[in-house]
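Coordinate inspection notes
One letter stands for each residue in the lines below.
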Amino acid sequence: MALVMVARIKLYGALRALAQDGLVELPVTGQTETTVMALKQQLIADLQPKYPNQPVDELIERSALSSGARVFQQHETIDLLQPLHLLPPVCGG
Amino acid sequence: MAKDRAGLLRLTAERIDFEAAFQALQSPDCGAQIHFHGVVRNNNQGKAVSAVVYEAFEPLALEVLKQLEDAALELGGPLCRIAIIHRTGRLEVGEISTFIGVAAPHRDECYKVSRFLLEELKRRLPIWKKEEYLDGQSAWLEGVELEPGV
């Protein structure tokens, strides 16, 4: 039986409503590493068709990816099997 | 120079504990304090607001708060003390969402550091705000893109 690996990306703010419990699961086939930019494109390909009337692509492109206490660079290579968090533009205060 | 890390940096779903904040700001070296309160307003961009829901990504938020404290001590000097408390969850109009307290030897550093912390918090703290309106609708507010490398 083939082992299916899954990347889990938690969504916040306006992104949260795009997935049940604010969590997106993407199957990982082949390499378990990718760039932030490539992962965002994969998320857009997965989510935009489900919400054709919402600017999902723009919101994801403007969002930052984090593994916890750090925000990744766009071109950075990341391990897809670590906990990942997609953070839209912020507005505290 | 060693940095004084006795400040208070906190996210909380409970009402803000002002006693703890005031305690953290106490210092015999400091002759000035500024306390900033951010309060939930009843209107925004022409819409009547009934409440605001704050969501935070806590691991990163706490790291950012530590970095802001470091930057504040660089700006205001090592004798400054900082207290930042940000609410999470649903707040009614009139509730205090944000407390920024600064203690410094003199008022000039206090004003400078207080304003710096507020502007940086709005730009860097991973917190999102959803307004609930009197007409029953709600909306997440537009924000500022986070910069990589935090």
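Cut-offs and rules
- Residues numbered from 1 in each chain as written.
- Chains lettered and ligands numbered in written order.
- Predicted model: local features only at pLDDT ≥ 70, side-chain atom pairs only at ≥ 80, totals over all residues.
- Heavy atoms only, no water.
- Helix = DSSP H or I, 4+ residues; strand = E, 2+ residues; numbered from the N terminus.
- Buried < 20%, exposed > 50% of the residue type's maximum accessible area, 1.4 Å probe, protein only.
- Salt bridge = Lys/Arg side-chain N within 4 Å of Asp/Glu carboxyl O.
- Pairing = 2+ DSSP bridges.
- Axes fitted to C-alpha atoms, helices over the stretch in contact; angles between N-to-C directions.
- Contact = heavy atoms within 4.5 Å.
- pLDDT = per-residue confidence, 0-100.
- Phe/Tyr/Trp six-rings, centres within 6.5 Å; stacked < 30°, edge-to-face > 60°.
- Lys NZ or Arg CZ within 6 Å of the ring centre and 35° of its normal.
- Buried area = accessible area lost by both parts, 1.4 Å probe.

Residue and element names in this part refer to chain A. Even without being glycine, Asp21 reaches a positive phi, approximately 60°. Within the secondary structure, Asp21 sits in the loop between strand E1 (5-11) and strand E2 (23-28). Accessibility expressed as a relative area gives 65% for Asp21, which makes it exposed.

When the charged atoms of two side chains lie near each other, side chains of opposite charge can form a pair. Inspection of the entire model under this criterion finds 14 salt bridges over all chains. Lys50 of chain A is paired through a salt bridge with Asp46 of chain A; the nearest N and O atoms lie 3.4 Å apart. The class of Asp46 of chain A is partly exposed, set by a relative accessible area of 26%. For the salt bridge of Glu120 of chain B with Arg124 of chain B, the shortest nitrogen-to-oxygen distance reads 3.9 Å.

It is worth spelling out the sheet that holds E2 of chain A at this point. All names here are of chain A. The strand order across the open sheet built from four strands is E2-E1-E6-E4, with neighbouring strands paired in mixed fashion. The sheet terminates laterally at E2 and strand E4 (64-66), the two strands that pair on one side only. Averaged over all pairs of adjacent strands, the angle between strand axes in this sheet comes to 30°, irrespective of strand direction. Pairing between E1 and E2: six bridges, direction antiparallel. Counted as the bridge partner of Met5 is Val28 from E2. Against the sheet, helix H1 (residues 36-47) touches E1, E2, E4 and strand E6 (84-87), its axis set at about 110° to E2.

Looking at chain A, pLDDT values average 94 and 98% of them are 70 or higher. No element of chain A has a lower mean pLDDT than E2 of chain A, at 94, and none a higher one than E6 of chain A, at 98.

Let us now look at the packing of aromatic side chains. Residue and element names in this part refer to chain B. Counted by the stated rule, this structure contains five aromatic pairs over all chains. Between Phe18 and Phe99, the ring centres sit 5.7 Å apart and the planes meet at 75°, which makes this aromatic pair edge-to-face. Taken as a pair, Phe18 in helix H1 (residues 18-25) and Phe99 in strand E7 (residues 96-104) lie far apart in primary sequence, 81 residues in all. The ring centre of Tyr133 lies 4.3 Å from the NZ or CZ of Lys47, which sits over that ring.

If you look at the interface, chain A gives 21 residues, while chain B gives 30 residues. Roughly 2,200 Å² of surface becomes buried between chain A and chain B when both sides are summed, with 60% attributable to carbon and sulfur atoms. On the chain A side of the interface with chain B, the three residues burying the most area are Val90, Cys91 and Gly93 of chain A, jointly 32% of the side's total. One can count three salt bridges joining chain A with chain B. One salt bridge connects Glu145 of chain B with Arg62 of chain A, and the closest N-O pair in it is separated by 3.0 Å.

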